[in-house]
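# Geometric and topological summary
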Amino acid sequence: KKGIITPKPCDYEAMCATIILEQTQAIHYYARTKPDSGLGNIAGFFFANFPYVDNDCEYQVADLFAVDIDLDTKRFVKAKLDDVNLNAKEALILLWYNTIAAQHVKLHSMANWGVNLDEALSDVNPFFRRSSVVTVMYNYFGINGFMKIWAEEGLVSDGWAGSKKPFVQSVNHGIKDNVWQHAQIDELAKYSEFISFIIKVRAIFLAEFEKHKKLFPGTNGEAMFVGTVLHSLDHTLMDWNLEDALWLDVDDARFGKMAEVGRVVKVGFVSDVPGLYFHKRFKDSGHPFYESVYQKAAKINKKLADNMDTCIIK
């Protein structure tokens, strides 16, 4: 506000398209225009029962948040929150808040079915057991204590730390709302590096899991994929996509409070945690399952494959 730091220039129309197409909230793809449509190649992304927090720090749920993206130009076309039209800068705040508060948390939750903490695995599959312990511990840290500390430090408004706990309500809503059906997600593969990679690597992961399933007793392969590959790449792409936390406008008249939290999460909870004393990547894990998945994934997209984690540690 004092002009000491100048944010990088932001193309908000392009940013909105990127943050939808190149992150897990792409599953909210509903439909697109027909090939001969005069409107162009437009994809609609629908977020039903959409949780958000207003500028009084009150938890709200909209019937529908809808965003249209031009798939050819990869740019924002329009957006609405119920009956209110939004510009790209406003839509970015909502998309980022949805990512951190309602969408990404589903991955953390599903990951709990892709682990095994049994001590018997210490001899049979110690790498996997350690990854499981890390995932469970990180999930256990939870969300309840952060807001009070952030408010005390002046990072977010006091309303976030109030008794109503609007962020916790948003997270619980996201988890209970389950996963949006996305059987038609393959229609977006040619327009998204991330989606194309995930579709191919999921098949590889599950095939390799079947080959090595004796190493993973009591573990659900789909949940393990979500808690490793999908979770870590969602973090990585959140970091790469939103280059500057200041792009989230805390002075926005309607959604500025969500931008406050969004900024803190971006700078403190998205990128890799430094100084870890254990190995957490598929790459160079020395484990037959993880190495096999990595080698195949790297042939598809090495940059993304290099950032696949074996546990939740961010």
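See above for the structure.
Parameters and conventions
- Residues numbered from 1 in each chain as written.
- Predicted model: local features only at pLDDT ≥ 70, side-chain atom pairs only at ≥ 80, totals over all residues.
- Heavy atoms only, no water.
- Buried < 20%, exposed > 50% of the residue type's maximum accessible area, 1.4 Å probe, protein only.
- Helix = DSSP H or I, 4+ residues; strand = E, 2+ residues; numbered from the N terminus.
- Pairing = 2+ DSSP bridges.
- Salt bridge = Lys/Arg side-chain N within 4 Å of Asp/Glu carboxyl O.
- Axes fitted to C-alpha atoms, helices over the stretch in contact; angles between N-to-C directions.
- Parallel < 35°, antiparallel > 145°, perpendicular 65-115°, else oblique.
- Left-handed = near helix turned anticlockwise from the far one by under 90°.
- Contact = heavy atoms within 4.5 Å.
- Expected span 1.5 Å × (residues − 1).
- Core = buried A, V, L, I, M, F, W, Y, C linked by side-chain atoms within 4.5 Å.
- Polar contact = N/O pair within 3.5 Å; in protein donor to acceptor, adjacent residues only side chain to side chain.

## Structural notes on the pairing of strand β2 (residues 42-53)
- Across the twelve residues of β2, nine count as buried, placing the element largely inside the fold.
- Across three bridges, strand β1 (residues 29-32) lies against β2 in antiparallel orientation. Within β2, the position partnered with Ala 31 by the bridge is Gly 44.
- Pairing of β2 with strand β3 (residues 59-70), which is carried by eleven bridges, proceeds in the antiparallel orientation. From the neighbouring strand, Pro 51 faces β3, where its bridge partner is Val 61.
- What sits between β2 and β3 in their antiparallel hairpin is a turn of five residues, with Cys 57 showing a positive phi close to 60°.

## Focus on the pattern of salt bridges
- As enumerated under the stated definition, the model contains 20 salt bridges in all.
- Lys 78 is paired through a salt bridge with Asp 68; the nearest N and O atoms lie 4.0 Å apart. Remark: Asp 68 occurs in strand β3 and Lys 78 occurs in strand β4 (residues 75-81); sequence separation between them is ten residues.
- What emerges from the salt-bridge pattern is a single network uniting Asp 272, Lys 280, Arg 281, Asp 309 and Lys 314.

## Let's talk about the packing of helix α7 (residues 193-211) against helix α10 (residues 288-300)
- Between α7 and α10, the shortest axis-to-axis distance is 10 Å and the interhelical angle comes to 155°. Overall, the two elements α7 and α10 adopt an arrangement that is roughly antiparallel. As α7 packs across α10, the resulting crossing turns out to be right-handed. Of α10, the residues touching α7 (which contributes Phe 197, Lys 200, Val 201, Ile 204, Phe 205, Glu 208 and Phe 209) are Phe 289, Ser 292, Val 293, Lys 296, Ala 297 and Ile 300.

## Section: α10
- Over its 13 residues, α10 extends 19 Å from the first C-alpha to the last, a length consistent with the 18 Å expected when each residue adds 1.5 Å.
- Of the residues making up α10, those classed as buried are Phe 289, Tyr 290, Glu 291, Ser 292, Val 293, Tyr 294, Ala 297 and Ala 298.
- Packed against the buried residues of α10 are α4 (126-141), α7, α8 (221-241) and α11 (302-305).

## Quick word on the nonpolar core
- Counting 86 residues, the largest nonpolar core has Phe 65, Trp 160 and Met 308 as its most contacted members.
- Of the residues forming this core, the biggest block, twelve residues, is contributed by helix α2 (residues 88-111).

## Comments concerning α7
- If you check α7, its first and last C-alpha atoms are 27 Å apart, about what 19 residues at 1.5 Å a residue would give, namely 27 Å.
- Those residues of α7 that sit buried are Phe 194, Ile 195, Ser 196, Phe 197, Ile 198, Val 201, Ile 204, Phe 205, Glu 208 and Phe 209.
- On its buried side, α7 packs onto α1 (12-21), α8, α10 and α11.
- The N-cap residue of α7 is Ser 192: its side-chain oxygen and the backbone nitrogen of Phe 194 are 3.4 Å apart.

## With respect to the sheet that holds β3
- Reading across from one edge, β1-β2-β3-β4-β5 is the order of the five strands in this open sheet, with antiparallel pairing throughout. Lying at the two open borders of the sheet, with one neighbouring strand each, are β1 and β5 (84-86). Averaged over all neighbouring strand pairs, the angle between strand axes comes to 25°, with direction disregarded.
- In this sheet, β4 lies alongside β3 in antiparallel orientation, the contact comprising six bridges. By the bridge assignment for β4, Ala 66 is matched with Lys 80.

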